[in-house]
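Residue strings, one per chain:
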Amino acid sequence: MEIHEYEKLWLAGALLLIVGFIATVAYGAVGAGVAMVDDENGTVDPDALDEHPKFSDPGVYESEDGGYDVYVVARQYMFQPGTQQPIEVPANSTVTFHVTSADVIHGFEVVGTNANTMAIPGEVATITVEVGGPQEYGLLCHEYCGSGHHGMEGTVRVVPRSQFNATGVSA
Ligand SMILES: [Cu+2]
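What you see is a predicted model, and the numbers here were worked out from it, not measured in a lab.

1. Regarding the pattern of salt bridges
Step number 1: Under the defined criterion, the tally for this structure stands at 2 salt bridges.
Step number 2: Of the charged contacts in the structure, one is a salt bridge between Glu88 and Arg157, with a shortest N-O distance of 3.6 Å. Placement of Glu88 in strand β4 (residues 87–90) and of Arg157 in strand β10 (residues 153–159) is noted, with a sequence separation of 69 residues between them.
Step number 3: Note on Glu88: relative accessible area 24%, which makes it partly exposed.
Step number 4: Judged by its relative accessible area of 30%, Arg157 falls in the partly exposed class.
Step number 5: Linking Glu136 and Arg157 is a salt bridge whose minimum nitrogen-to-oxygen distance equals 3.0 Å. Note that Glu136 is positioned in strand β9 (residues 135–140) and Arg157 in strand β10, a separation of 21 residues in sequence.
Step number 6: Here the residues in one salt-bridge network are Glu88, Glu136 and Arg157, joined through shared partners.

The rules behind these values
Residues numbered from 1 in each chain as written. Predicted model: local features only at pLDDT ≥ 70, side-chain atom pairs only at ≥ 80, totals over all residues. Heavy atoms only, no water. Salt bridge = Lys/Arg side-chain N within 4 Å of Asp/Glu carboxyl O. Helix = DSSP H or I, 4+ residues; strand = E, 2+ residues; numbered from the N terminus. Buried < 20%, exposed > 50% of the residue type's maximum accessible area, 1.4 Å probe, protein only.

And the structure:
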């Protein structure tokens, strides 16, 4: 059987596309570090967050390895901390956010960075970011969570180490 030159070319092109599509999907699934929030980081009782060792007093905690752990509770329609008082972390540090929700599903996005997760009641989402120099970031809820969703926002402030208010840090 003879295959026309052009037909061979189109066949090769179509095969390339198929391989490309599969590679793209595979990269999206495993390569980009995108994962569903699951039980891996522990579960919490959303009705008893006030009894949790950290979520009962959400905020910035210094961790043993010199980084910072930030515990954030999302609820209709605020981040705690974040909305009423900004989340303050020192410049050039490793910051791990632990985010959960007290009521419905919320989103948690540090605008302009790839820190972006869902906040699901009962689950703890954990994201680690390296923050650079002093800068202010917006914080957004990107999951529709009710009538006040559009106003659910906050601030993450990276401050110079010398200005970092250690009194706001629980040991
Ligand atoms: Cu929302």
